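Summary of structural features
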Amino acid sequence: MRTTKGYIILLLLNLLAAPMVIAQGKTVTLDYFFNNEYRKNSAGTLERYHYTWEDQRSSGYSIWGDVFKKNGAILKDLESEPNAQNLIGTDIYIIADPDTKKETANPNFIEPRHIKAITDWVKRGGVLVLMANDSANAELPHLNKLAERFGIHFNDDLYKHVIGTQFEMGAITVPVNDPLFKTAKKIYLKDISTLKLSSPAVSLLTDSDRVIIATAKYGAGTVIAVGDPWLYNEYTNGRLPAAMDFDNDKAADDLSKWLLSRIKVKQ
């Protein structure tokens, strides 16, 4: 017959062996309104692609989505414009690579009504992720009107330009004891927009004095920004040579845990 002490030891062993789930029931919503691209599939019909949860090709976020799910989160997407009503129930809201007219015939731009809805949601405790791109591939002017509410500005530059397969040109070394990247030591970003900050934003990662990732507290919520879509399948580590020791797959897990840990209030 097992003793109470034996049951406690068994319970502790089971807990240690179980995967860590830090966000059971929390909802991560990916914007499909400002990023709204389509292509023809093999059957000749149009399908949504580019930085979406369901896109399993190099251009998708399916791997990043799996990381969130591994940590207990629920994935959603938002095809309609963000407003006070349809942001209810979202804990983390990701806007990646808003469309330019080159990418979409009639792009949806971030307008004042969207900025009010999003900032009010963040203020109540939401966690907002802004992932841009270089100015040739993302609609920065309207995105900046939102980002600047939190002291963040995406610069019109092209940092870490990578030529062909010279992947080392996009390498960034993570500092020791970094507060964001607990396991990733070397990450890859290419052709990015650097950041210019004002209060309340602060830098989370710099490279050669350029701000790469920044964060801001806003009311009860948190904002994080990076000038690259970054964690799509091609670079987590779908295309990156193993011999180069890039940790984008680990970075996806580190960032996801960091974001989930910032959730304060159920929206």
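Given the structure is predicted, the values throughout are model-derived calculations rather than measurements. Starting from 1, residues in each chain are numbered consecutively following that chain's sequence as written. Note on the predicted model: pLDDT of at least 70 is required for a residue's local features to be given, and 80 or more for side-chain atom pairs to be given and counted; whole-chain, interface and lining totals, by contrast, use all residues. To get the side-chain values, all heavy atoms of the structure are used, and hydrogens and water are removed first.

Turning our eyes to something else, we now look at helix α2 (residues 62-70). Within an α-helix, residues lying three or four positions from one another point in the same direction, as the helix has 3.6 residues per turn. Along α2, the positions that sit buried rather than exposed are Ser-62, Trp-64, Gly-65, Val-67 and Phe-68. Numbered from the N terminus, helices here are DSSP runs of H or I no shorter than four residues, and strands are runs of E no shorter than two. Just beyond α2, the residue with positive phi is Gly-72, at close to 95°. For each residue, the accessible area found with a 1.4 Å probe, counting protein chains only, is set against the maximum for its type, and the residue is called buried under 20%, exposed over 50%, and partly exposed in between.

To continue, consider the packing of α2 against helix α5 (residues 248-261). Interaxial angle, 0 to 180 degrees, is taken between N-to-C directions of lines fitted to C-alpha atoms, where a helix line uses only the stretch in contact. Contact geometry for α2 and α5: axes closest at 9 Å, N-to-C directions at 50°. In terms of orientation, α2 and α5 fall into the oblique class. Between α2 and α5 lies a crossing whose hand is right-handed. Touching Trp-64, Val-67, Phe-68 and Lys-70 of α2 are Ala-252, Asp-253, Leu-255, Ser-256, Lys-257, Leu-259 and Leu-260, all from α5. Residues are sorted three ways: Asp, Glu, Lys and Arg are charged, Ala, Val, Leu, Ile, Met, Phe, Trp, Tyr, Cys and Pro are nonpolar, and all the rest, Gly among them, are polar. Its residues assigned to classes, the contact of α2 with α5 shows seven nonpolar, one polar and three charged. Roughly parallel covers angles under 35 degrees, roughly antiparallel covers those over 145, roughly perpendicular covers 65 to 115, and oblique covers all other angles. A clockwise turn of the near helix away from the far one marks a right-handed crossing, whereas an anticlockwise turn of less than a right angle marks a left-handed crossing. Whether two residues are in contact is decided by their heavy atoms, any of which lying within 4.5 Å being enough.

Attention shifts here to the environment of Ile-263. Considering the arrangement of structural elements, one finds Ile-263 in the segment after α5. Ile-263 sits in the buried class, given a relative accessible area of 14%. If sequence neighbours within four positions are ignored, Ile-263 has contacts with Lys-26, Asp-91, Ile-92 and Val-127.

This next bit is on the packing of aromatic side chains. Geometrically, a pair of aromatic rings is defined through the distance of the ring centres and the angle of the planes. We call Phe, Tyr and Trp rings a pair once their centres come within 6.5 Å, taking the six-membered ring for Trp, and we label the pair stacked below 30 degrees between planes, edge-to-face above 60, and tilted otherwise. For the structure shown, the criterion picks out 14 aromatic pairs. Seen from their ring centres, Trp-53 and Trp-64 are 6.4 Å apart, and the 65° between their planes marks the pair as edge-to-face. Of this pair, Trp-53 sits in the loop between β3 (46-49) and α2 while Trp-64 sits in helix α2; the two residues are 11 residues apart in sequence, bridging distant segments of the chain. Of the residues examined, Trp-53 reaches a relative accessible area of 10% and is grouped as buried. Residue Trp-64 is classed as buried on the basis of its relative accessible area of 0%. Both rings, one in Phe-167 and one in Tyr-188, keep their centres 5.8 Å apart while their planes meet at 65°; by these two values the pair is edge-to-face. Placement of Phe-167 in the loop between β7 (152-154) and β8 (171-173) and of Tyr-188 in strand β9 (residues 186-188) is noted, with a sequence separation of 21 residues between them. For the residue pair Phe-167 and Tyr-188, the accessibility class agrees, reading buried in each case. A connected cluster of aromatic rings, assembled from ring pairs, spans Tyr-51, Trp-53, Tyr-61, Trp-64, Phe-68, Phe-167, Tyr-188, Tyr-232, Tyr-235 and Phe-246. A cation sits over an aromatic face here: Lys-186 above Phe-246, 4.7 Å from the ring centre. We count a charge as sitting over a ring when the NZ of a lysine or the CZ of an arginine lies within 6 Å of the ring centre and within 35 degrees of the ring normal.

To continue, consider the environment of Val-162. Among the structural elements, Val-162 can be located in the loop between β7 and β8. With relative accessibility at 6%, the residue Val-162 sits in the buried group. Separated by 36 residues in sequence, Val-162 and Ser-198 place their C-alpha atoms 29 Å apart.

Attention shifts here to the side chain of Asn-144. For Asn-144, the position within the fold is in helix α4 (residues 140-147). With residues near it in sequence (within four places) discarded, Asn-144 still touches Ile-152, His-153 and Phe-154.

Another point: the side chain of Asp-31. Relative to the assigned elements, Asp-31 resides in strand β1 (residues 27-31). Charge counting follows a simple rule: Lys and Arg are positive, Asp and Glu are negative, and His as well as the terminal groups are ignored. When a carboxyl oxygen of Asp or Glu is within 4 Å of a side-chain nitrogen of Lys or Arg, the pair counts as a salt bridge. Buried and unpaired, Asp-31 has Arg-48 as its nearest opposite-charge partner, separated by 7.5 Å. Side-chain polar atoms of Asp-31 contact the backbone nitrogen of Phe-33, separated by 2.8 Å. Pairing of N or O atoms within 3.5 Å defines a polar contact, subject to two protein rules: one partner must be a possible hydrogen donor and the other a possible acceptor, and residues neighboring in sequence count only if both atoms are side-chain atoms. Engagement of the side chain of Asp-31 in a polar contact is seen with the backbone nitrogen of Asn-35, the distance being 3.1 Å. Not counting chain neighbours up to four residues away, the residues in contact with Asp-31 comprise Leu-78, Tyr-93, Ile-94 and Ile-95.

Right, let's talk about the confidence of the model for the chain for a bit. With 90% of its residues at a pLDDT of at least 70, the chain reaches an overall mean of 92. Summary of the metric used: pLDDT quantifies the predictor's per-residue confidence within the range 0 to 100. Contacts from residues 11-19, a stretch scored under 50 in pLDDT, to residues over four places away or in other chains number zero contacts.

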